[in-house]
Amino acid sequence: MATPKTVHEDVWKPSVCYMCYNACNILAHVIDGVVVKIEGNPNSPHNGSRVCAKGNAAIMGLYNPYRVTKPLKRTNPEKGIGVDPKWEVISWEEARAVVASKLKEIRDTDARKLYVLTFDMQGFGTPGNVWATAFGTPNVSTGPSGYFCGNALHPVSWSVHGTFFQEPDYDYTKYCILFGSQHGLAAFTKNPGGLAPKMAEARVKRGMKLVVVDPYCNNAASKANEWIPIRPGTDTALALAMVNVLLNEEGIYDREFLTRYTNGPYLIGPDGCYVRDAEGRVLVWDMASGTPRPFDAEGVQPAIDGTFEVGGAEVHPAFHLVKEHVKKYPVERAEEITTVPAATIRRIAQEFGQAASIGSTITLHGKVLPYRPAVVDWSKGAIAHQHGMHAGWAIQLLNTVIGAVDVPGGHLGVSAKGPDWEPTEGPDGMLVPSQRIAFLGIPYPPQKPVAPNTVEAAELFPFASYAMPMLPDVLMNPEKYGLDYRIEMMIQSRSNYLMTSVDPEAVTEAFKQIPFIVSFAVNIDETVEMADIVLPDTHVLERLDALPNRIYGWILPGDSDWYWTVRAPVVDPPPGVRPWVEVLYDLAEDIGMLDDLYSTFNRNLKIKDPFKLDPGRQHSYEETVDAYFKSLFGAEHGVEWFKQNFILKTPRKLEEAYPRPFLKPRFPIYLEHFQRQGPQVAAVTAQLGLEDWDVSDYQALPDWRPCSSYSDRGEFDLIAINCKQAFHSFSYTVDAVWLNELTDNYPDAKAVVMNPDTAARKGLRQGDMVSVRTPDGKEVRAVLSLFEGVHPEVLAIPGVHGHWARDRKKYVGNPGPHFNSLLAYDLKYIDKASSAFDACVKVKVARIQAG
Amino acid sequence: MKATVTVCYTGAIRTYTGKRSESFDLQEAGNLRALMALLVARYGKGFESRVFVEGGGLNNLARVLVGEVEVPELPVGMDTALEPGSVVTIITITALAGGENLDPGVHEGPGQRHGIRVDQS
């Protein structure tokens with residue numbers, strides 16, 4: 001009889017998951033230093049006791065036998081897809097000396113030549129921001145998903161709510177429409193652990209109706225009351241047709257809201273600009289006096305529709321122009337564009353408008369607030385298109401016209417107003433996000449387009465938050481954008497750009513332009529295979545990350561607490577493996593940057609005395625986090641406190657949860673400033689010789705414009721789209737083999753998915769091996785799966801599969817198709833307003849082998 | 001000996017100025033607004049766009065300090081007079097989704113603005 005093993009340690013340790021971006025709060029069951037189980041943290045206000053398959057499977061990434069545990073040096077100078085780097089193990093000392101030498105050389109000459117590429121915003125974000133600022137490079141990209149991310153979401157959210165993120169209010173809404181989004185029901189930022197139960201409760205208690213607009217009957221659609229299949233890239237037309245039904249057929253709109261909180265009353269002249277008085281003040285038409293008066297004049301009673309005369313010119317309130325504009329989108333025209341039946345469009349718009357209950361109020365915590373229990377939300381499916389910015393604005397108009405913005409039941413900015421921050425009133429009375437949360441470029445007050453200084457050429461996208469899709473072209477042709485330097489070094493971590501951006505071949509050629517690439521890696525993925533030096537990084541269960549539930553995004557909105565957590569290590573990393581941010585902070589000493597680092601740390605993070613870092617001595621990374629915590633939360637709430645107690649909560653006041661009735665600044669329904677930026681961008685691009693740079697999307701009101709896949713399809717008769725899988729996030733979850741087993745047992749997970757009627761017309765059958773080709777000469781091959789839940793014109797390709805990295809091929813199994821390999825890198829597919837890359841492409845499908 | 005003010009540059013703004021710090025004759029620099037106008041004239045539109053937005057407000061990714069006090073906290077903001085020996089620091093923050101988190105006001109001890117609840121995990 002075997003002797004039972006003595007157990008020395010058996011504990012549940014709190015931390016924060018990082019298998020996607022939701023930052024779910026978890027408990028890790030650790031026995032003798034080994035994680036054996038992960039569960040949700042029942043004390044969490046974020047996700048409670050719930051954690052998804054990805055979170056459970058994190059253990060398998062932690063104990064993946066192919067983890068990088070020693071520094072590696074490339075010995076094969078040739079780089080490319082499938083090329084063996086011929087790694088050689090080197091010492092930490094050698095690796096650190098090589099990296100520090102290159103960093104110092106760059107910093108001493110031109111700091112711009114360093115490029116940092118990472119999607120590790122929760123770990124790198126705060127300390128990395130400090131590090132990059134101290135180093136002096138403007139070239140940091142926070143994500144490969146900058147192609148298909150919030151490109152046309154964040155500018156709208158900043159403008160309307162004053163926040164980076166926005167969410168439906170599932171606590172009080174009764175009618176929710178999701179456009180190209182699996183909000184609450186899938187991975188990434190949509191927090192299913194926290195939101196799915198709220199959605200379920202909304203349906204049980206209030207009979208909430210959920211409508212999902214998507215070409216593919218995804219996880220969210222499968223849970224919805226109604227799935228509306230739509231032709232890809234046409235959501236703008238659907239939204240504008242619905243607005244037209246509300247405004248011009250049903251007369252449903254919130255006049256008081258539009259008058260008081262938007263620029264709807266602002267008079268617009270024949271030139272499309274605001275009408276101003278001699279002092280430059282924007283005018284409205286005062287119904288009381290029958291004269292034009294400044295928008296903020298005492299006692300003014302603005303009109304929001306009608307035609308007036310000012311200075312001999314015919315002028316209109318902005319809302320009047322919106323109302324007229326959407327007449328271009330009768331439901332019959334929208335049906336032709338979207339394939340959604342006209343009757344369905346009209347019905348959904350009517351249901352939405354009626355559910356809004358305009359004029360109703362709700363009493364919460366003793367205060368009476370407007371109640372608008374109808375909401376639309378959207379995500380990548382609707383906006384990752386050639387004219388994505390217009391899609392974002394068109395969809396948001398639905399919330400705006402019914403007054404469902406930052407009020408109970410409506411669409412909420414996650415953190416517009418807090419205990420000591422709120423949006424301010426900028427030029428012309430318009431909303432400016434609080435400086436405290438505006439960590440990226442914000443659209444208002446307008447940025448001035450100038451010749452690029454950055455490798456994203458973000459200066460040519462003054463309305464957008466980032467411009468990552470420009471990276472390959474700028475790396476290849478910096479002089480084209482007026483850059484007088486080339487990137488000489490890239491530091492890369494937790495960002496598999498080769499798989500999660502488009503066109504791996506084009507990206508590979510672009511990365512070949514960078515002479516020295518350092519990757520911090522847990523596993524050798526496809527991008528890490530391009531590195532010259534690989535440094536072993538910690539798994540997320542081994543890291544200390546400050547405040548991963550970042551208050552501007554990864555917390556619950558609405559009637560809930562504010563909360564802060566820490567991603568604390570639950571186990572020690574393997575010997576010699578260190579968190580990459582710690583290594584960067586160590587390198588600061590090697591290159592003589594500590595003084596700058598600490599002074600930037602103190603100033604950027606507004607560290608209070610006595611917690612400021614002393615430039616006179618080196619601080620450990622944990623000490624820097626401790627100083628940050630104590631400065632924010634007080635001396636008693638340092639790192640140790642967080643490790644012991646984990647969650648810090650404070651109540652969110654009603655006016656913080658639902659701030660709109662308490663705010664003075666207005667937000668735009670007519671993008672006067674956006675329109676004015678178009679010619680400014682054109683002037684800069686003309687000066688650079690970028691004659692084909694199209695600025696026609698810089699217009700004050702949204703319009704539907706076709707993607708390249710929309711017309712002239714000919715033999716390329718289907719539109720390929722990508723669809724998200726709830727059990728994978730980007731490409732890194734494949735390092736947890738349980739998820740691969742799950743994927744292999746899910747019929748459509750590594751297939752291309754077609755409607756059975758479409759397949760029948762083509763003589764194709766379930767299980768056929770097919771070739772999928774594009775007009776640009778791109779091809780993927782995969783097994784065909786048939787599913788009624790696909791729009792008949794669409795070929796759906798799930799997830800990010802098709803891994804070719806040498807290590808991954810050993811444990812991923814069937815690689816499956818890589819959707820992004822179908823997307824040719826070409827500037828014509830980039831939205832010049834939002835920088836979104838068009839993620840729908842016309843394809844032809846042919847059988848290679850019968851199934 | 002001339003009375004001077006020192007301007008220090010942190011972040012990518014250095015790529016426009018080509019230096020980490022420089023001194024200005026106080027008469028030339030005047031107040032903060034005049035100093036900034038002088039810098040814009042010297043370093044051009046790229047510099048201007050990193051520090052200012054349309055209408056003349058500060059870019060949300062720029063910080064300007066006199067001593068250790070930021071412009072929004074200066075009583076007269078950009079009209080602050082510069083003294084002999086004043087140090088003006090211009091920081092352009094690298095844009096990425098990090099930056100400071102938000103002060104919840106939980107560390108004010110008794111009478112704090114918000115009652116704090118601490119959950120033991």
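Below or above, wherever it landed, is the structure these notes cover.

Turning our eyes to something else, we now look at the overall build of chain B. Summing up its helical and strand segments, chain B has three helices and six strands in all. Counting helices and strands in the order they occur from the N terminus, chain B gives β-α-β-α-α-β-β-β-β. Sorting the 121 residues of chain B into buried and exposed places 53% on the buried side. Look at the contacts in chain B between residues 6 or more apart in sequence, and 54% of them connect residues 24 or more apart. Carbon and sulfur atoms form 53% of the exposed surface of chain B, whose accessible area is close to 5,100 Å².

Residues and elements named next belong to chain A. Together, Val34, Val36 and Tyr63 make up an exposed nonpolar region whose accessible area comes to about 230 Å². As for its position among the elements, Tyr63 is in the loop between helix H1 (53-62) and strand S4 (72-74). Residue classification places Tyr63 among the partly exposed positions, given a relative accessible area of 37%.

Moving on, we come to the nonpolar core. Residues Trp131(A), Phe179(A) and Phe511(A) are the most contacted members of the largest nonpolar core, which totals 272 residues. A per-element tally of this core places helix H7 (residues 235-249) of chain A first, with ten residues. Those residues in contact with Phe179(A), other than ones at most four positions away along the chain, are Val213(A), Asp235(A), Leu238(A), Ala239(A), Met242(A), Val376(A), Asp377(A), Trp378(A), Ser379(A), Ala382(A), Ile395(A) and Leu398(A). Counting residues in each nonpolar core, the second largest holds 26 residues, with Ile13(B), Phe47(B), Met78(B) and Val88(B) among its members.

Our focus in this paragraph is the side chain of Asp532(A). Positionally, Asp532(A) belongs in the loop between strand S24 (516-521) and strand S25 (533-536). Overall, the relative accessible area of 17% leaves Asp532(A) in the buried class.

Turning our attention to the packing of helix H2 (residues 92-109) of chain A against helix H17 (residues 580-590) of chain A. Residue and element names in this part refer to chain A. It is at 10 Å that the axes of H2 and H17 come closest, and there the two elements cross at 65 degrees. One finds that H2 runs roughly perpendicular with respect to H17. As for how H2 packs across H17, the hand of that crossing is right-handed. In this structure, H2 uses Trp92, Arg96, Val99, Ala100 and Leu103 to contact H17, whose residues at the interface are Val583, Asp586, Leu587, Glu589 and Asp590. Residues belonging to the contact of H2 with H17 are distributed by class as follows: six nonpolar, no polar and four charged.

This paragraph deals with H1(A). Residues and elements named next belong to chain A. Among the ten residues that make up H1, seven are buried, leaving the element largely enclosed by the rest of the structure. Among the residues of H1, those classed as buried are Lys54, Gly55, Ala57, Ala58, Ile59, Gly61 and Leu62. Looking at the buried side of H1, the elements it contacts are strand S3 (34-40) and helix H23 (737-744).

Turning to the sheet that holds strand S3 (residues 62-66) of chain B, a few remarks are in order. Residue and element names in this part refer to chain B. Spatially, the five strands line up as an open sheet ordered S2-S1-S5-S3-S4, and their pairing is mixed. Lying at the two open borders of the sheet, with one neighbouring strand each, are strand S2 (21-25) and strand S4 (69-70). Sheet analysis places strand S1 (residues 4-11) next to S2, joined by five bridges and oriented antiparallel. Bridge pairing links Cys8 to Ser21 in S2.

On to the interface of chain B and chain A, then. Counting residues at the interface gives 50 residues for chain B, matched by 69 residues for chain A. A buried area of about 5,400 Å², summed over both sides, lies between chain B and chain A, and 49% of it is on carbon and sulfur atoms. In this structure, the connection of chain B to chain A is made through six salt bridges. Residue Arg603(A) is joined to Glu68(B) by a salt bridge in which the shortest nitrogen-to-oxygen separation is 2.6 Å. In this structure, the connection of chain B to chain A is made through 17 residue pairs in polar contact (both at pLDDT 80 or more). Listing elements by their share of the side of chain B that touches chain A, those giving two or more residues are S1, helix H1 (14-17), helix H3 (32-51), S3, strand S5 (87-92) and strand S6 (117-119) of chain B.

Analysis parameters
Residues numbered from 1 in each chain as written. Chains lettered and ligands numbered in written order. Predicted model: local features only at pLDDT ≥ 70, side-chain atom pairs only at ≥ 80, totals over all residues. Heavy atoms only, no water. Helix = DSSP H or I, 4+ residues; strand = E, 2+ residues; numbered from the N terminus. Buried < 20%, exposed > 50% of the residue type's maximum accessible area, 1.4 Å probe, protein only. Contact = heavy atoms within 4.5 Å. Areas by Shrake-Rupley, 256 points an atom, 1.4 Å probe, with all protein chains shown as cover. Patch = residues over 30% accessible without salt bridge, like charges linked within 9 Å, V, L, I, M, F, W, Y side chains within 5 Å. Salt bridge = Lys/Arg side-chain N within 4 Å of Asp/Glu carboxyl O. Core = buried A, V, L, I, M, F, W, Y, C linked by side-chain atoms within 4.5 Å. Axes fitted to C-alpha atoms, helices over the stretch in contact; angles between N-to-C directions. Parallel < 35°, antiparallel > 145°, perpendicular 65-115°, else oblique. Left-handed = near helix turned anticlockwise from the far one by under 90°. Nonpolar A, V, L, I, M, F, W, Y, C, P; charged D, E, K, R; others polar. Pairing = 2+ DSSP bridges. Buried area = accessible area lost by both parts, 1.4 Å probe. Polar contact = N/O pair within 3.5 Å; in protein donor to acceptor, adjacent residues only side chain to side chain.

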